[in-house]
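Working through the structure, step by step
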Amino acid sequence: SAGAIIGDGGKEIKNIKETYGISIQVSKKEVRFPGTDERVITMQGECETIKKCVKHIQDLIRNDKPPPSAKSVDVEGNEKRKRALKLVVADTSAGRLIGKGGETIKQTKEKYKVTVNTSKKHEAIPGLDERIISV
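Residues numbered from 1 in each chain as written. Predicted model: local features only at pLDDT ≥ 70, side-chain atom pairs only at ≥ 80, totals over all residues. Heavy atoms only, no water.

This next bit is on the packing of helix α2 (residues 11-20) against helix α3 (residues 47-63). The description of two helices packed together rests on the angle between their axes and the distance between the axes. Viewed as axis vectors pointing N to C, α2 and α3 meet at an angle of 155°, and their least axial separation amounts to 11 Å. Relative to α3, the element α2 is oriented roughly antiparallel. The element α2 and its partner α3 pack so that their crossing is right-handed. Contacts from Glu-12, Ile-16 and Tyr-20 in α2 reach Thr-49, Lys-52, Cys-53, His-56, Ile-57 and Leu-60 in α3. A breakdown of the residues in the contact of α2 with α3 according to their chemical character gives 5 nonpolar, 2 polar and 2 charged. (Axes fitted to C-alpha atoms, helices over the stretch in contact; angles between N-to-C directions. Helix = DSSP H or I, 4+ residues; strand = E, 2+ residues; numbered from the N terminus. Parallel < 35°, antiparallel > 145°, perpendicular 65-115°, else oblique. Left-handed = near helix turned anticlockwise from the far one by under 90°. Contact = heavy atoms within 4.5 Å. Nonpolar A, V, L, I, M, F, W, Y, C, P; charged D, E, K, R; others polar.)

What follows is the structure, encoded as structure tokens:
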């Protein structure tokens, strides 16, 4: 999926930068979020622009096909991943997303008909003050 965002020779990521006027970086192939197999995309810009860019990136991921050179592809797992979004947020922001007694996250699930999971505080990577939100 990172390849769909970067594009051949960096063409797609350059297009994203130019179209949305944001700063965007994709972690190098060998760099993953600690404790996961996930590459990280970092974006900086205006909130509304970031929202549009995230939608564009989700569309790229959803339409991505495994390269012909792929040795084995978990088709079902790949399709499931295409429907998901994982956000890395500060622990303090995770609390705001969850809300008192889980009320905010419950309302979000009902309003948008999505599943939302948050990593638990005890699952945090030592030295990182961040949590993963999966939608």
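This brings us to the nonpolar core. Counting residues in each nonpolar core, the largest one holds 13 residues, and the members touching the most others are Ile-5, Ile-16, Ile-22, Ile-24, Val-26, Cys-53 and Ile-57. Only α1 (2-6), α2, β1 (23-26) and α3 provide two or more residues apiece to this core. Per-element tally for this core: the top contributor is α3, with 5 residues. When neighbours within four sequence positions are excluded, Cys-53 is seen to be in contact with Ile-16, Tyr-20, Ile-22 and Met-43. (Core = buried A, V, L, I, M, F, W, Y, C linked by side-chain atoms within 4.5 Å. Buried < 20%, exposed > 50% of the residue type's maximum accessible area, 1.4 Å probe, protein only.)

Another point: the pairing of strand β5 (residues 130-134). As paired strands, strand β3 (residues 86-90) and β5 are joined by 5 bridges and run antiparallel to one another. Following the sheet pairing, Ala-90 is matched in β5 by Glu-130. As paired strands, strand β4 (residues 117-118) and β5 are joined by 2 bridges and run antiparallel to one another. Among the inter-strand pairings, Asn-117 is bridged to a residue of β5, identified as Ser-134. (Pairing = 2+ DSSP bridges.)

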